[in-house]
Amino acid sequence: MTVPETLVDEHHEPLLDKCGSHLDENRNWPTHGTYEYTSYYHSRREIVPFTDFIAMDKEFDFVVIGAGPIGAALAFKLATDNPTSRVLVVEKNWAEPDRIVGELMQPGGCQAMEQLGLQNVFSDISAVPVHGYYISYRGRQLHVPYMHDANGQLRGVSFHHGRLVMNLRAACKAQSNVVCVEGSVTELLGQMDNNRFTAVRGVRVGPQRIQADGSDECIDVCSRKLTFVCDGITSQFRKQLNERPVELISHFCGLVLEHEPVSSDTYFDGPTGTTSHVSRPTDTAGNPLPMPHNGNVMLDGVGPVLLYQMSERETRVLADIPGPFLPSESNGQLRETLRTSLSRAAPKHLYPALHAALMRALDDSRRIRCIGSKFIPATANNIDGAVWIGDALNVRHPLTGGGMTVGLWDVVILTDLLRTHDAANSQQVQRVKAQWQWRRRPRALVVNVLSVALHALFAAETKELGLLREACFEYLAKGSHYTMQPSGFLSGLLPSPMLLIFHFFSVAFLAVYLRVSDESVAYSGGSLFYRVYSAFYTLYIAATVILPVIWRELQP
């Protein structure tokens, strides 16, 4: 089997971690080597309990609410850019989090990590390099590699979410001007008009667990410059900025497969350097993944099914169930829906080992972990003294794995602007916010719109959407810029909204051709007149999928 030269390195050799697991194929990849903050990973010496924080000085230059991936990265960058400033980070629980999403970093996110000075953050957590996407549809397979730069092919990384967060928190704890408090922010403090904040000047901090009767002792903290709201997708302060209702699109249900590692030279096929080659699914007894070291997307389930490695021995399975309502687990309906979806996505005659592994994981799981997939467009922030960032500001469907890429680039752009402005000057900060919103918008719009639009196509609840899904697969299979530019959108490397619109409607017109010519498998039959009518109705459906999302993203 031929291995594309762009995906291997002259230093290819099997490497082992401390547990004897194979790591990736390139010793120069950042998941090898020592992370400079490893000694702080489990350390709690730097974490201040709320009871001890009561006696401390309550004035800080910057206050960061939440120490998830975005909050921790932001606090680290603020501390290193402003070594004489005091930075407070308030987090409810500094133990390692356990989530079923946020486990894949696109190449665009890796570039943002480098800009933040955190290029080694993927070391020492058994992270796995990701080369692109393997897509399976109606018995056909397609590999969509990531784009190249002057140094070769760019790569993403997949990992345990909690381990990456702990590495980011370790970088925060290592900074002498960062105070890490374990507690809860109960209120924003500042000036209000008609029950709406016009300015934020600090926060009220309470213990880790707040009593329902409000009897807990809380303390007020002053933020001399800025307060950053980074408390994630369930942000309790988002409504102060954005009162729009949250749109629940679907649910992801998570499982974990355990398997043996597979060396990288066993799963590629096709001419060296080509962008349009089709991969053949491997079915080794040790590792059932169709294409290790890639995001595997199976399109024939009830909704799309994603598989990506969290380490060389563990793979996350995310099965999408479209719609705002989740089947009940108590009566077995959820498991039956998942069994149907997984069986259709990885049929036994095509993927015998993967099918067996999926059924085994489903049967062995005591509880199915599920998370709602939401869409929340960003809103312009005119509240003085505060910045909403990360999922507290903007949420997209997790299908494309671009959330952390958007959030980290928001941190890069914002901290870059703050370096040349006085964060204590409200007029300068308002200019910074306006520039930040303008500069962040292209990448955020591309990633957000693509996530919602692709989910609509891949979930395909109507014949028209099924036709668009088929056209999307055929379009990506063409190779050249038909493959690589959409790959750039997925990876966060090509923040061009106009180019995204061009490619989306190119897919839509390909769907028109497939329908009129009666070459479609997803939507076939009918007279010529009916095929023409349904083809242009499909074009209308394509417009209703993407244009409203773009419009919402463009709103101030």
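Residues numbered from 1 in each chain as written. Predicted model: local features only at pLDDT ≥ 70, side-chain atom pairs only at ≥ 80, totals over all residues. Heavy atoms only, no water.

Draft legend 1. Geometry of the packing of aromatic side chains. Taken as a whole, this structure holds 12 aromatic pairs when the rule is applied. Taking the centre distance of 5.8 Å and the plane angle of 85 degrees together, the rings of Phe504 and Phe505 count as edge-to-face. Cluster of aromatic residues (ring-pair linked, three or more members): Tyr530, Tyr533, Tyr537 and Tyr540. The ring of Tyr482 is capped by Lys478, whose NZ or CZ atom sits 5.9 Å from the centre of that ring. The side chain of Arg515 reaches across the aromatic face of Tyr523, ending 4.0 Å from its centre. (Phe/Tyr/Trp six-rings, centres within 6.5 Å; stacked < 30°, edge-to-face > 60°. Lys NZ or Arg CZ within 6 Å of the ring centre and 35° of its normal.)

Draft legend 2. Quick peek at the sheet that holds strand 5 (residues 128–130). Taken in spatial order, the three strands make up an open sheet running 4-10-5, and their pairing is antiparallel. Only two strands of the sheet have a single neighbouring strand rather than two, namely strand 4 (104–105) and strand 5. Two elements, strand 4 and strand 10 (residues 156–158), share two bridges in a ladder whose sense is antiparallel. By the bridge assignment for strand 10, Met105 is matched with Val157. (Pairing = 2+ DSSP bridges. Helix = DSSP H or I, 4+ residues; strand = E, 2+ residues; numbered from the N terminus.)

Draft legend 3. Quick look at the side chain of Thr315. Positionally, Thr315 belongs in strand 18 (residues 314–322). Overall, the relative accessible area of 0% leaves Thr315 in the buried class. Side-chain polar atoms of Thr315 contact the side chain of His259, separated by 2.7 Å. When sequence neighbours within four positions are dropped, the list of residues in contact with Thr315 reads Leu255, Val256, Leu257, His259, Leu289, Leu307, Tyr308, Gln309 and Met310. (Buried < 20%, exposed > 50% of the residue type's maximum accessible area, 1.4 Å probe, protein only. Polar contact = N/O pair within 3.5 Å; in protein donor to acceptor, adjacent residues only side chain to side chain. Contact = heavy atoms within 4.5 Å.)

Draft legend 4. Spotlight on the pattern of salt bridges. Scanning the entire structure with this criterion turns up 23 salt bridges. Across the pair Asp363 and Arg339 runs a salt bridge whose closest N-O atoms are separated by 2.7 Å. On the criterion of sequence distance, the pair formed by Asp363 in helix 6 (residues 352–364) and Arg339 in helix 5 (residues 333–345) is long-range, its members being 24 residues apart. Asp363 sits in the partly exposed class, given a relative accessible area of 49%. Asp391 is the partner of Arg396 in a salt bridge, and the nearest nitrogen-oxygen pair spans 3.2 Å. Assessed through its relative accessible area of 6%, Arg396 is described here as buried. By relative accessible area, which is 24% here, Asp391 ends up partly exposed. Within this structure, Lys77, Asp81, Asp416, Arg419 and Arg439 form a network of salt bridges that share partners. (Salt bridge = Lys/Arg side-chain N within 4 Å of Asp/Glu carboxyl O.)

Draft legend 5. Here's a closer look at empty space enclosed by the protein. For the structure shown, the criterion picks out seven cavities of 30 Å³ or more. Lining the largest cavity are 20 residues; nearest its centre among them are Leu450, Leu454, Cys472, Leu476 and Leu490. Of all elements in the fold, only strand 6 (132–137), helix 8 (426–459), helix 9 (463–476), helix 10 (481–490) and helix 11 (497–516) reach the threshold of two or more residues within the lining of the largest cavity. Considering only residue class, the lining of the largest cavity consists of 18 nonpolar, two polar and no charged. (1 Å grid on protein atoms, 1.4 Å probe; cavity = no way out; pocket = protein on both sides within 12 Å on 5 of 7 lines; lining within 4 Å. Points joined across faces, edges and corners; volume = space filled by probe spheres on them. Nonpolar A, V, L, I, M, F, W, Y, C, P; charged D, E, K, R; others polar.)

Draft legend 6. Structural detail: the sheet that holds strand 7 (residues 140–145). In spatial order, the strands read 7-6-16-17-18-15-19; together these seven strands make up an open sheet with mixed pairing. The sheet terminates laterally at strand 7 and strand 19 (369–375), the two strands that pair on one side only. Sheet twist, expressed as the average angle between the axes of neighbouring strands with direction ignored, equals 25 degrees. In the sheet, strand 15 (residues 247–258) pairs with strand 18 via nine bridges, with the strands oriented antiparallel. (Axes fitted to C-alpha atoms, helices over the stretch in contact; angles between N-to-C directions.)

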